[in-house]
Amino acid sequence: MSGAACSAARAEIPERGAAPCSAPRRRAPARPLSAATACALSALIAALSLGCSSTREHVAPPAPEVGSAPPAPSPPPRLAEAPAPVGEHAAAPPLAEAAPARPPELDLLRPQDGPYAHFFAALRALEQGRRRDHVRIAWLGDSHAAADFWSGAVRTALQRRFGDGGLGFVHLGYAAYRHDGARLTADGKWRPRPKAPGGSTPVDDGVFGLGGVLFGAQTAPVRAEITVTAAGPPARLLWDVCFRPSAPADEVAVTIEGGPSEVLRAAAGEAPGALQHAKLASVGATKLSVAPSGGAELCGLVVERGPEAGPGVVIDTLGINGARLATPLRWNELGWAAELARRSPELVVIEYGTNEAGDVTTDPSLYGKQLAELLARARRVEPDVDCVVLAPTDRRDAPERTPLVRDVLRDAAREGGCAFWDTYEAMGGRGSIEAWYRERPPRASRDGVHLTYRGYQELGVKLSNDILERYRP
């Protein structure tokens, strides 16, 4: 692509769904969120200084497309016309405003879709051209998700059918994480917070962003870079950078390929430690780098296609190595709720259980209670969000316990109104992890816990096929 003049104008970009300081979106009459509840949530978030989002825009000039393939450890809204000062809050609409137009999904709900009813209705609206926003999926999980091979295969299948909405959420500065549609690098010595991201014990104030981990400089300088490697990047990308400054002097330098750096600082009047968001736009660029300084920490990045490219499907991969169901429950509920409200997913995928299968001293019945609480937290933000719970993979050192954990999650999923997908059975049940490892090429790793690229791809294809077979236009 040829170069173009860079626009230095900064403008507020209307946020999708509810911002941290607004009421969560109401999509359908089922499980309604009352105005009182919405107001209470907003007030509590504000009182705890979890922060509104600060939005600003920088448009970078077009740059050559990057077409390199992602690495693999195994083979195989229209801009607001009036510019806004840096740090100014995006104003939350007053609760007294007129009700928004009836979402088209409400006319497309089908009771026979069961636990996928709202998700499938959103996909129908997308296919029929009646929806202008992306359909978002939040995938919470452990190291299986952190590799993004399994979730990546599902993303590929759904985006092929319904449209490509972009990469979704991406961790920056996280060496033990990858994304199927991007090349990620982290230079320097980074410090995660919590120190053990996959732990279960509450740490600090529990406000760690949507992905549950903050990344700052252990020793300055540090720099993280993301290059979008998905084929045929659109002319326009939106980059939503999340950061948490601890003092007014903390900064995050952001550079979009082909454009000048943008220095992000705490919004005026914000309490120290409030999560901040800056949304930047680029035309033709595929690379962004960030360099936090002082006590600033990164809480993730969201990359999506601009609205003019048409809506599509987006999967936010929120995997953490070593995570269990107890991991998201140790996060500050209101802090996480504010971030989930920004994304407003139609479907939540809950993929835990493999690590729980190895915790031989824990009563498996606990996991049913934890799953119920995690679902309750999501639905307090998005009352109509659909959910699918994935069973754990087979595990060599837990042949007796893995099916017990599977059964507890299956029963809790049904009790919570979620779909359940039996990963354990899809692999072949007891002993399948060993059989997959002995194949050539293998579908499972030597450790008897993780899979290879080939194995994860197979699970992703099977899961996406199951979802698409249930879907009726």
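Report on the accompanying structure. (Residues numbered from 1 in each chain as written. Predicted model: local features only at pLDDT ≥ 70, side-chain atom pairs only at ≥ 80, totals over all residues. Heavy atoms only, no water.)

**A closer look at the pattern of salt bridges**
Note the cut-off: When a carboxyl oxygen of Asp or Glu is within 4 Å of a side-chain nitrogen of Lys or Arg, the pair counts as a salt bridge. A helix here means a DSSP run of H or I that spans at least four residues, while a strand means a run of E at least two residues long, and both kinds are numbered starting from the N terminus. Whether a residue is buried, partly exposed or exposed follows from its accessible area with a 1.4 Å probe, protein chains only, as a fraction of its type maximum: under 20%, in between, or over 50%, in that order.
Scanning the model with the defined rule gives 38 salt bridges in all. The residue Glu297 makes a salt bridge to Arg193 at a minimum N-O spacing of 2.7 Å. Highlighted residues: Glu297 in strand β11 (residues 297-305) and Arg193 in strand β4 (residues 182-193), separated in sequence by 104 residues. An identical accessibility class is assigned to Glu297 and Arg193; each is buried. In this structure, the salt-bridge partner of Glu225 is Arg223, at a minimum N-O distance of 2.8 Å. Here the salt bridges do not stand alone but share partners, grouping Asp133, Arg136, Glu304, Asp316 and Arg343 into one network.

**Some words on the pairing of β11**
This is how the line gets drawn: Being paired, for any two strands, means DSSP has found at least two bridges between them.
Among the nine residues that make up β11, nine are buried, leaving the element largely enclosed by the rest of the structure. Strand direction decides the pairing type here: strand β3 (residues 168-170) and β11, joined by three bridges, are antiparallel. Note that in β11 the partner of Gly168 across the bridge is Val303. In this structure, strand β5 (residues 214-228) lies alongside β11, joined through two bridges in antiparallel fashion. Within β11, the residue paired with Phe215 across the bridge is Leu298. Where strand β6 (residues 236-244) and β11 come together, eight bridges link them in antiparallel fashion. Paired with Asp240 across the two strands is Val302, which belongs to β11.

**A look at the state of the cysteines**
For clarity, the cut-off: Cysteine sulfur pairs qualify as disulfides if the two atoms are within 2.5 Å.
Applying the stated criterion across every chain yields a total of two disulfides. Two residues, Cys242 and Cys299, share a disulfide whose sulfurs are 2.0 Å apart. Linking Cys242 and Cys299, the disulfide has an S-S dihedral of approximately -90 degrees and is accordingly described as left-handed. Taken together, the residues Cys242 in strand β6 and Cys299 in strand β11 connect sequence positions 57 residues apart. With relative accessibility at 3%, the residue Cys242 sits in the buried group. Note on Cys299: relative accessible area 1%, which makes it buried.

**Notes on the sheet that holds strand β14 (residues 386-390)**
Quick reminder of the rule: Axes here mean lines fitted to C-alpha atoms, for a helix over just the part in contact, with angles spanning 0 to 180 degrees between N-to-C directions. Contacts are assigned to residue pairs that have any heavy atoms within 4.5 Å of one another.
Reading across from one edge, β12-β2-β13-β14-β15 is the order of the five strands in this open sheet, with parallel pairing throughout. Since the sheet does not close on itself, it has two edges, and those belong to β12 (313-319) and β15 (419-421), each with one partner. Direction aside, the axes of adjacent strands within the sheet are offset by 20 degrees on average. The pairing of strand β2 (residues 135-141) with β12 spans seven bridges and is classified as parallel. Residue Arg136 lies in a different strand from β12, and its bridge partner there is Val314. On the sheet, helix α4 (residues 150-162) packs against β2, β12, β13 (347-351), β14 and β15 and is oriented at approximately 170 degrees with respect to β12.

**Brief notes about the packing of aromatic side chains**
To keep it simple, the criterion reads: For Phe, Tyr and Trp, rings pair up if their centres lie within 6.5 Å, where Trp contributes its six-membered ring, and each pair is then called stacked (planes under 30 degrees apart), edge-to-face (over 60) or tilted (otherwise). Whether a charge lies above a ring is judged from NZ of Lys or CZ of Arg, which has to be within 6 Å of the ring centre and within 35 degrees of the ring normal.
For the coordinates displayed, the defined rule picks out 11 aromatic pairs. Here Trp139 and Trp150 contribute two aromatic rings whose centre-to-centre distance is 5.8 Å and whose plane-to-plane angle is 75 degrees, an arrangement assigned as edge-to-face. Pair noted here: Trp139 is in strand β2 and Trp150 is in helix α4, with a separation of 11 residues, a long-range link. Seen in terms of ring centroids, Tyr174 and Tyr177 are 5.9 Å apart; in terms of plane orientation they differ by 10 degrees. Their pairing is stacked. Each member of the pair, Tyr174 together with Tyr177, is buried. By way of ring pairs, the aromatic residues Tyr116, Phe119, Phe120, Phe162 and Tyr471 are connected into one cluster. Sitting above the plane of the Tyr437 ring, Arg396 keeps its charged end 5.5 Å from the centroid. Lying across the ring of Trp436, Arg443 places its NZ or CZ 4.1 Å from the centre.

**A short note on the packing of α4 against helix α12 (residues 453-470)**
Each pair of packed helices gets described by two things: the angle between the helix axes and the distance between those axes. Filter applied, for reference: Should an angle fall under 35 degrees it is taken as roughly parallel, and over 145 as roughly antiparallel, whereas 65 to 115 is taken as roughly perpendicular and any remaining angle as oblique. In a left-handed crossing the near helix is turned counterclockwise from the far helix by less than a right angle, and in a right-handed crossing that turn is clockwise.
For the pair α4 and α12, the least separation of the axes is 7 Å and the interaxial angle reads 40 degrees. The orientation of α4 relative to α12 falls into the category oblique. Both α4 and α12 take part in a crossing whose hand is right-handed. Taking contact as the criterion, the partners of Trp150, Ala153, Val154, Ala157, Leu158, Arg161 and Phe162 in α4 are, on α12, Tyr456, Gln457, Leu459, Gly460, Val461, Leu463, Ser464 and Leu468.

**Focus: α12**
Think of an α-helix as turning once every 3.6 residues; residues three or four places apart then point the same way. As a reminder of what qualifies: Residue count minus one, scaled by 1.5 Å, sets the expected span of a helix. This arc describes the spread of directions from the helix axis toward the C-beta atoms.
Taking 1.5 Å as the rise per residue, α12 with 18 residues should run 26 Å; its terminal C-alpha atoms sit 26 Å apart, in good agreement. Residues of α12 that are buried: Gly455, Tyr456, Leu459, Gly460, Leu463, Ser464, Asp466 and Ile467. Angularly, the buried residues of α12 cover 160 degrees about the axis, an arc narrow enough to put them on a single face.

**Details of the side chain of Arg244**
Heads up, the condition is: In the analysis that follows, any N or O atom pair within 3.5 Å is treated as a polar contact, provided that within protein one partner can donate a hydrogen and the other can accept it, and provided that, for residues neighboring in sequence, both atoms belong to side chains.
Examined against the element boundaries, Arg244 turns out to sit in strand β6. Assessed through its relative accessible area of 8%, Arg244 is described here as buried. A distance of 2.5 Å separates the side chain of Arg244 from the side chain of Asp205, its partner in a polar contact.

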